[in-house]
Amino acid sequence: MAANLEEVEETLNAEQLTKAQVFCSIWYPAFHSWRASSSLRLALNLPAPERTVFVQEVWLYLLEVLSPDRTNEITSVRSKYQSYTSMDKSPSLSTRLRGETQRYYNRRLLPYTRQRRSPAQGVTYLPPNQPQPQQEEPMDIVAFTTSVENVLSAFLNRNRNIEYKTGLVQLVAPFVWTLKTEAGMYFCFERLMTKIGSSPSLPIRSTQLTPFTKPDESTEGTTLSSRISFFLSLFRSILPDLWSYFDEEDVDVRELASAWLQWYFAKEMPVDILMRLWDVYFSVEDLVDLHQYVCLAILTTCKETLEELDESEVRSFLLNLPPLDVDRLIVEANNIKHSFQQQQKRGDRPAEF
């Protein structure tokens, strides 16, 4: 963790930034309140608008949209801006996309904004004798909807093999909510989709195949189905008691696994917890690999609660997760992964589906 604000600011001002340095910086606890209060900007002495709030920059570096070598950053930013400006953003699913985006905003972002702006939830980073600044207004629904529509339209027009699904709105929304420019939103989202589609951890691989690729006779469902099967085999091996309980209650674990493995909790987690977890995901080389163990860590952490619920309650719980301790989940996920790797070394493998 970053020791203090001065060290963080020095790190982010450096000409050379490593992914580890950026990641260490964002884990300073204060950073995760930046959307709710502009007092953090003042506490860090970041003059706006000359410089964006550094938290808004973090994902750009972690996803390697911007290079750690900051000496040519202006040239790189200008090039990406011009590239995005020239993209075809004509929407082919305008009405449907707009409706789904507005529903997401009203159901997910407005409750989050109200919670973060509540005085009981507030955290002051200025000395008591300093005047408190006005809180930053949240992105309005029109601007949010327009940016989501533009970014997704540009992406789908450039990737004709990708089939539109509702979950894409949830995947792109955190970038739109977090970043200041549409070009940054687009290239971060594009990098995420690339990481999802090129993970070496998938049991069955195809260089052109992603969970979002339009299916044909030879590839239909291959990647997603193999990921689900592998995850379920891990689940049954690592948590046999919970697996048996779900089986007794007729819980559709394949449906739940499909939702989690496709959308990286963009649908299921509270927004602030999701962004915290994605900080970690974007800092590792293979987020797909880490993600499946985080899924198991959630089941492990919530095991006692889940075993008290019936089928409908289990489904509701896992598709609308409560606030969870991300630090604890990551530690648990790494422990599960290490245990599985030790099993592999001994020749033990989870049962196949």
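In case you missed it, the structure is sitting above this.
Note that the structure is predicted; figures quoted are calculated from it, not measured.

Enquirer: Pulling in residues and values, what's your account of the overall build of the chain?
Expert: Along the backbone of the chain there are 17 helices and zero strands. Here the chain, with 353 residues, has 50% of them falling under the buried criterion. As displayed, the chain has an accessible area near 17,000 Å², and 49% of this comes from carbon and sulfur atoms.

Enquirer: Hey, could you go over the pattern of salt bridges for me, with residue numbers and the actual values?
Expert: Applying the stated criterion to the full structure yields eight salt bridges. Here Glu149 ties to Arg98 by a salt bridge, and the two come within 3.1 Å at their closest N and O atoms. Placement of Glu149 in helix α7 (residues 141-158) and of Arg98 in helix α6 (residues 94-117) is noted, with a sequence separation of 51 residues between them. Among the residues examined, Arg98 registers a relative accessible area of 33% and is labelled partly exposed.

Enquirer: Residues and numbers for the side chain of Thr145, please.
Expert: Position of Thr145 relative to the elements: it lies in helix α7. One polar contact links the side chain of Thr145 to the main-chain carbonyl oxygen of Ile141, over a distance of 2.7 Å. Excluding residues within four positions of it along the chain, Thr145 makes contact with Arg98, Thr101 and Gln102.

Enquirer: Could you give me a rundown of the nonpolar core, with the residues and numbers involved?
Expert: Membership of the largest hydrophobic core comes to 100 residues, with the highest contact counts inside it found for Phe175, Phe246, Phe265 and Trp278. The element that contributes the greatest number of residues to this core is helix α14 (residues 287-301), accounting for 10 residues.

Enquirer: Please provide a residue-by-residue account of the packing of aromatic side chains, values included.
Expert: Under the definition given, this model contains 18 aromatic pairs. Each ring, one from Phe155 and one from Phe189, has its centre 5.0 Å from the other, and the planes form 70°; the classification is edge-to-face. Pair noted here: Phe155 is in helix α7 and Phe189 is in helix α9 (residues 182-197), with a separation of 34 residues, a long-range link. Exposure class is identical for Phe155 and Phe189. Each is buried. Pairing Tyr293 with Phe340 gives two aromatic rings, centres 6.4 Å apart and planes at 45°, and the pair type is tilted. Here the residue Tyr293 occupies a position in helix α14, and Phe340 occupies one in helix α17 (residues 326-345), the gap between them amounting to 47 residues. Just as Tyr293 is buried, Phe340 falls in that class too. Ring pairing ties together the aromatic residues Trp59, Phe175, Trp278 and Phe282, which thus form one cluster. For the cation-ring pair, Lys80 lies above Phe187, with the distance from its terminal atom to the ring centre recorded as 6.0 Å. It is Lys89 that lies over the ring of Tyr84; its NZ or CZ is 4.3 Å from the centre.

Enquirer: Any details on the environment of Tyr112? Residues and values, ideally.
Expert: Note on placement: Tyr112 falls in helix α6. When the C-alpha atoms of Tyr112 and Val271 are compared, they prove to be 6.7 Å apart, with 159 residues separating the residues in sequence.

Enquirer: Mind laying out unusual backbone geometry, listing which residues take part and the relevant values?
Expert: Most peptide bonds take the trans form, and the phi angle of most residues other than glycine is negative. For Glu64, which is not glycine, the phi torsion reads 65° and is therefore positive. Tracing the backbone through its elements, the reader meets Glu64 in the loop between α4 (54-62) and α5 (73-85). Even without being glycine, Tyr264 reaches a positive phi, approximately 55°. The class of Tyr264 is buried, set by a relative accessible area of 1%.

Enquirer: How would you explain helix α11 (residues 240-248) if you had to name every residue and give the values?
Expert: Two residues of an α-helix separated by three or four positions point the same way, owing to the 3.6 residues in each turn. When we look at burial in α11, the residues that qualify are Leu242, Trp243, Tyr245 and Phe246. Angularly, the buried residues of α11 cover 160° about the axis, an arc narrow enough to put them on a single face. For α11, exposure combined with an orientation more than 90 degrees from the buried face picks out Asp241, Asp247 and Glu248. Remark: Asp250 follows α11 within two positions and exhibits a positive phi of approximately 60°.

Calculation criteria
Residues numbered from 1 in each chain as written. Predicted model: local features only at pLDDT ≥ 70, side-chain atom pairs only at ≥ 80, totals over all residues. Heavy atoms only, no water. Helix = DSSP H or I, 4+ residues; strand = E, 2+ residues; numbered from the N terminus. Buried < 20%, exposed > 50% of the residue type's maximum accessible area, 1.4 Å probe, protein only. Areas by Shrake-Rupley, 256 points an atom, 1.4 Å probe, with all protein chains shown as cover. Salt bridge = Lys/Arg side-chain N within 4 Å of Asp/Glu carboxyl O. Polar contact = N/O pair within 3.5 Å; in protein donor to acceptor, adjacent residues only side chain to side chain. Contact = heavy atoms within 4.5 Å. Core = buried A, V, L, I, M, F, W, Y, C linked by side-chain atoms within 4.5 Å. Phe/Tyr/Trp six-rings, centres within 6.5 Å; stacked < 30°, edge-to-face > 60°. Lys NZ or Arg CZ within 6 Å of the ring centre and 35° of its normal. Arc of directions from axis to C-beta.

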